[in-house]
Structure formats: C-alpha cells, structure tokens
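Next come the chains, spelled out residue by residue.
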Amino acid sequence: MDLNNILSRLETDNEEEIEKLLQQYNRENSHTFSFDQKEESLRSKLCQSILTVLGRQVQPCCQRACLETLRILSRDKRVLGPVATKEGMLVLAGLAQLHGGEEGGDNQNGLKEDTLTEEEERVVVEALKCLCNVVFNSVAAQQVGADVQLARGLCARLHTTRAGRHEVGLFSLRLLFLLSALRPDVRGGLRRELHAVRLLTEVLERTLDVHWVGPYEAAPPDPQALPIPAEDNERAMEALKALFNLTLSDAGDEDGDHQLRLISAIMRHLLMLKTQTEEKTEEAHSHAVNLLSNLPVSCLDVLIDVPVQGGVEEYSGKNMEAVQVLLDFMEKRIDKGSNYKEGLTPVLSLLTEGSRHHREIRRYIKAQVLPPLKDVKIRPEIGTTIRNKLVRLMTHVDMGVKQSAAEFLFVLCKESVDNLLKYTGYGNAAGLLVARGLLAGGRGETQYSDDEDSDTEEYKSAKPFINPITGHVEEPMPNPIEEMTEEQKEYEAQKLVNMFDKLSRQNLIRPMGVRKDGTLAPLDETLCQAAEDSTGSDSD
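Enquirer: Talk me through the overall build of the chain; I want residue IDs and the actual numbers.
Expert: A count of helical and extended segments in the chain gives 26 helices and 6 strands. A compact globule built from 540 residues would reach a C-alpha radius of gyration of about 24 Å, whereas the chain, at 31 Å, exceeds it by more than 25%. Projected onto the principal axes, the alpha-carbon positions of the chain cover approximately 105 × 60 × 45 Å. The 540 residues of the chain split such that 48% are buried. In the chain, the share of contacts with a sequence separation of at least 24, taken over all contacts with a separation of at least 6, comes to 73%. Surface summary for the chain: the accessible area is close to 27,300 Å², and the carbon and sulfur share equals 50%.

Right under this line is the structure:
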C-alpha cells in the first residue's frame, strides 16, 4: 500500500475508513520484518499519525487496528522517534491500562480488568505487544518507561490478573522481563520498592498450582495428572525469566533467605512436572537451572530435603529425584552436540557447586557419573556412558565448556588429583591441572569428608599396567629402538634434540617445566631454580 495515501486518509475523522485502511495494511505486512529504507521518514510520520488517532476518543475496534499497525512498524527501530517520547509511551500505557505512579493505581488496574469486554481486552494486549517491541528496540523508550514507572503499573497488574486473562498476564510479564533486563535501575526498584521477587514467586505458585505440605516442600504432582496447560507454561516461563533478572545480584535486601529458599522449592516442583511436549519440558528445566544458579548454594539443600515425601537411607534420608532430573537434563544437553556454552555450562556449574557444598548431592552424582572402575581396557573418552561424554568435553575447543566439565569431574573426585587421573587420564586432565597449578599432584582448596573411595578388584589388578597418560591398559607395542645399536640410538636422540631446538628458536614451541608449586614455567627458569636448590642444599 502507498504510505502517502494512508497518511492523507488518516487525517479524516472517519473511524470506519481508518480501521478498514489499517486492517488492509496489517494483512499485507503481518509477516514483514525488514523494511524499505527509502520510506523510513514516511513510516515515522505514520507512527506519529497513529498516535494522534489513538489520542482521540475512538472505538476499541479502531484502536486495535491502529495498535496492530504500530506493532508492525515498531519492528523497525529507526522509526520509533515519535513513539519513544513521554507522550507516545503514555498513550500506549493508557491503552494497556497501566497506571504507573498514579494514586490508587493498584485498585484501578484490578477494577478495570474485571469489566473488560473481549474487544477491550484485545486492545490491552495489542498495546502491551507494542510496548514490548518499542522498549526492546529503543533505548529512549527504555528511559521513558523508567520515568513513567511502567514497572509499578505492571506489578499492580500482576497482583490482580486472573488466569482467564492469559495474554494480558503473558505480555505484562514479558514487558516486566524486558524492563528488568535492559534497565538496572528499574531492576533495583522492582526488588527493593515493589517487592517483585515475592510477587513473581506468588505468580509462579498460582500458575504451577503449588500446594505446600511443609515449610519448603510442595506436594508432589500426581503421576496421573495431565501436563501443565500450554498457556500456564507460557506465563511461568516469562515469570522465570523476570525472576532470573531480579536475582542476578544479591536479593537478600527483600526477604532474605526465606524467599530464596521458597524459590528453590518451587524450582524443585517445576523439575518434577511435565509439559505438553518434550521440548517445552526441556525449556522449563533450562529456566529452572538458570534461576537456581543465581541463588546462594546454601539454598540447594531444599532440592533434596523433603521430609514429607521421604528419601533414600543411603544418602542420609535425602530425596534425590530432583538431582536425577538435573543429571538427565545435563546428559540431554551433551547429546545435542551444539550450543554447549549457553545450553550445557549452566547446569554443569549448578551441579558442580551443589556437589562442592552438599555431601549427599556429591555422593549421589559420583555414583551415577563415576561408578567404581572395572573395565580399564578402553580409553576414558571412548564410549557412551556419561563419564565418557564428560571426559570428551575436557578437551573441547571452547575454553568455558572444557573448564566446566573438568571442574565438575574434579569436584566429584573431592578435588584429588590422583582420583581425577584414575577416571580421566593425565592427558585429558592436563588443562585443569595447569590452570589449578596442580601438575605436581595434590588437592584443591575445598575440604571434603574423609570417606574413602574403594577400588574394585578388577581395577586393583589392572592398575600397574595402566598408562597414566591415556588412563587405560594399552596393548603391548613393539619397542622401536630394540634392534638399534648404541650409535643409532645416540644419533636419533641428537636428531630429536636438534628438531626441538630449531622449533624453539623459531618460537613455534616453548619448552616448559614444572615449578615446585605445580605451575608451569619456561624450562630455563625451572632448570635454574633446580640448580639453585641443589647449590643451596650442598652448602648446608
């Protein structure tokens, strides 16, 4: 459609004509996400004209058509100048029925929503969608949103939104997520003044139908129960994303330990639930992992301490169902074989810290991931067990991924170098040992319980024949220098030295040695240190 024609006809007062005109434009451009730069100024004028129409007292059906057009136009961040003003944002906020700093805003939101017709509700939803687009695409709009206290209006809305108003609740949560993600000052106000952590926790309780049977224990879901309805799941995911933003920094100034432990208990409940599809369940578990990673590690005991449901005597009566779900989730992410940094490292880090600080969690995960060794004829990185998969990740090209996998296994081994090498081999563990300064052996800094790991008889009998570099028993190989004379051996040795020397002089390699503290250093430095130590001991 010709934008000049639309602009000229918008100047009329005929609502019906404006509505039909914009509906046609919306149908033609509903899937348009890239726009002609030559018409940039015309689209900007169209935004202004639509705001002018919305500023008049027009019927909800005309408001909806205008907002749908504005939503399409707001996909282009270059034309948002007229919308990203205080006047423009207040028009949209008014149509979304968000009363920011007004007196009695909470009551107004609640009363208005109870009397909304279906068409008026569609206007509110379209206005919220526009606000989401504009706030996401415009820094100026983010500033105005903070100035007019959109977050306050959203919190008031969430206090009263009924489950029947699905899209109103969904896009209110999405806008709250965007504001809390893009504006640190809004994030702080949400936590300190608006008590949004508590509010979003209550939203999750309602949405996930949580029933408490103990201080931090939700009733287990009925095995025969239907999966979470798709709409409830959508709202829960938006609430989890907003909560993630609000718990990025210390949330202790709102409700302290109690509120965070409550969130941990809800996350445990969420891990036990199923959604409509396997993909949606995995998404829910991913958000739960991200949120749990933000909480103090001391809160993770809530995942396993469920007295009413009971646990396993072997692990001090703790319930390991949630930990097993996290392990299964981790293995699924490994099996995907892609996007490890965003998809896998959060759950690896969560399980690592949980194992480091909670003995029962570590013992349970160790039994699943690193069971007692029996067959040591195969290299530790070859195979389909979860141990094999994690050992393969220890040499991944992404530094963050390899460090996360190595640290996880190291903690399961109680940060003992000898134990780690037993399960991984020196070659796979070298990167971690260099980073930790443990090439000479020893332990990490964390103190663990004194319970000893018992080796199987198969491992004890094979141990003398295990290659410490590869971590497995190798087939006997013919000795390549067995048939050489002493002169030939000396010649080959000198040839090797010359090759190393040439590569070193060309700075292609740098010979390294190990200091006394287990860290790497240039070879000449470590040799000098060894010579000095030798001289010092002789003088004594």
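From this point, the discussion proceeds with the structure in view.
Enquirer: Provide a residue-level description of helix H8 (residues 139–147), including the pertinent values.
Expert: The set of residues buried in H8 consists of Ala141, Gln142, Val144, Gly145 and Ala146. Summarising the contacts, the buried residues of H8 are in contact with helix H5 (86–95), helix H7 (118–137), helix H9 (150–160), helix H10 (166–182) and helix H11 (184–192). Regarding H8, its N-cap is Ser138, as a side-chain oxygen of that residue lies 3.3 Å from the backbone nitrogen of Ala140 further along. Looking at the residues trailing H8, positive phi occurs at Gln149, about 60°.

Enquirer: Give me the lowdown on the pattern of salt bridges, citing residues and values where you can.
Expert: Tallied over the entire structure, the rule returns 37 salt bridges. Residue Arg43 pairs with Asp76 through a salt bridge whose shortest N-O separation is 2.6 Å. Of this pair, Arg43 sits in helix H3 (residues 40–55) while Asp76 sits in the loop between helix H4 (60–73) and H5, placing them 33 residues apart in sequence. In this structure, Arg43 and Asp76 share a single accessibility class: buried. Between Lys460 and Glu457 there is a salt bridge, and its shortest N-O distance comes to 4.0 Å. Taken together, the residues Lys460 and Glu457, both in helix H24 (residues 457–462) and 3 residues apart, mark about one turn of the helix. Given the relative accessible area of 46%, Lys460 is considered partly exposed.

Enquirer: Residue-level account of unusual backbone geometry, with values.
Expert: The phi angle at Asn339 is positive, at roughly 55°, despite the residue not being glycine. You can see Asn339 is positioned in the loop between helix H16 (321–336) and helix H17 (340–343). Look at Asn507: it is not a glycine, yet its phi comes out positive at around 60°. Its place among the elements puts Asn507 in the loop between helix H25 (486–505) and strand E5 (512–514). For Asn507, a relative accessible area of 69% puts it in the exposed group.

Enquirer: Quick rundown of the side chain of Asn137? Include the residues and the values.
Expert: Structurally, Asn137 can be placed in helix H7. The class of Asn137 is buried, set by a relative accessible area of 17%. Ignoring anything within four residues of it in the chain, the contact list for Asn137 reads Ser74, Arg75, Lys77 and Leu80.

Enquirer: Give me the lowdown on a nonpolar patch on the surface, citing residues and values where you can.
Expert: Taken together, the side chains of Leu496, Met499, Phe500, Leu503, Leu508 and Ile509 make up a nonpolar region of the molecular surface, amounting to roughly 550 Å² of accessible area. Using a relative accessible area of 47% as the deciding quantity, one classes Met499 as partly exposed.

Enquirer: An account of the environment of Leu271 is needed here, citing residue identities and associated values.
Expert: Among the structural elements, Leu271 can be located in helix H14 (residues 256–272). A C-alpha to C-alpha distance of 37 Å links Leu271 and Ser30, two positions 241 residues apart in sequence. For Leu271, the contacting residues outside a window of four places in its chain are His285, Ala288, Leu292, Ala322, Val325 and Leu326.

Enquirer: Account for the environment of Glu492, naming residues and giving values.
Expert: Tracing the chain through its elements places Glu492 in helix H25. Take Glu492: its relative accessible area is 37%, and that puts it in the partly exposed class. In this structure the C-alpha to C-alpha distance between Glu492 and Pro346, which are 146 residues apart in sequence, comes to 49 Å.

Enquirer: Tell me what's going on with the packing of aromatic side chains, and back it up with residues and numbers.
Expert: Per the stated rule, a full pass over the model turns up 1 aromatic pair. Positioned above the aromatic ring of Phe177 is the side chain of Lys241, whose terminal nitrogen or guanidinium carbon lies 4.8 Å from the ring centre. The ring of Tyr459 carries the charged tip of Lys422 above its face, separated from the ring centre by 5.5 Å.

Enquirer: Run through the nonpolar core, naming residues and quoting values.
Expert: Across soluble globular proteins, nonpolar side chains show a tendency to be buried alongside one another. Core analysis: the biggest nonpolar cluster contains 145 residues, and Met267, Met330, Val369 and Leu390 have the highest contact counts within it. Residue contributions to this core peak at 10 residues, all from H7.

Enquirer: So what's going on with the packing of H7 against H8? Which residues, and what values?
Expert: With their axes 5 Å apart at the nearest point, H7 and H8 run at an angle of 115° to one another. For the pair formed by H7 and H8, the contact residues are Val134, Val135, Phe136 and Asn137 on the first element and Val139, Ala141 and Gln142 on the second.

About the criteria used
The numbering scheme is per chain: residues are counted from 1 as the chain's sequence reads. In keeping with the predicted nature of the model, local features appear solely for residues at pLDDT of at least 70, side-chain atom pairs appear and are counted solely at 80 or more, and the whole-chain, interface and lining totals rest on all residues. For side-chain calculations, the full set of non-hydrogen atoms in the structure is used, while hydrogens and water are omitted. Secondary structure follows DSSP: runs of H or I at least 4 residues long count as helices, runs of E at least 2 residues long count as strands, and numbering of each begins at the N terminus. Atoms counted for the radius of gyration: C-alpha only. Globule rule: 2.2 Å times the number of residues to the power 0.38. Think of it in three bands: residues with accessible area under 20% of the maximum for their type are buried, residues over 50% are exposed, and the middle band is partly exposed, with areas taken using a 1.4 Å probe on protein chains only. Only heavy atoms matter for contacts: two residues are in contact if any of them lie within 4.5 Å across the pair. Each accessible area value is a Shrake-Rupley result obtained with a 1.4 Å probe; residue values ignore everything except the protein chains displayed when judging cover. Pairs of N or O atoms are called polar contacts if they sit within 3.5 Å, as long as, within protein, a hydrogen donor faces a hydrogen acceptor (for residues adjacent in sequence, only side-chain-to-side-chain pairs). Each reported salt bridge corresponds to a side-chain nitrogen of Lys or Arg within 4 Å of a carboxyl oxygen of Asp or Glu. Like charges are joined within 9 Å and nonpolar side chains (Val, Leu, Ile, Met, Phe, Trp, Tyr) within 5 Å, but only among residues with over 30% relative accessible area and no salt bridge; these make up the patches. For Phe, Tyr and Trp, rings pair up if their centres lie within 6.5 Å, where Trp contributes its six-membered ring, and each pair is then called stacked (planes under 30 degrees apart), edge-to-face (over 60) or tilted (otherwise). Two thresholds decide whether a charge sits over a ring: the Lys NZ or Arg CZ must be within 6 Å of the ring centre and within 35 degrees of the ring normal. Residues belong to a common nonpolar core when they are buried Ala, Val, Leu, Ile, Met, Phe, Trp, Tyr or Cys residues joined through side-chain atoms within 4.5 Å. The convention used is that axes are lines fitted to C-alpha atoms, helices contributing only their stretch in contact, and that angles between N-to-C directions extend from 0 to 180 degrees.

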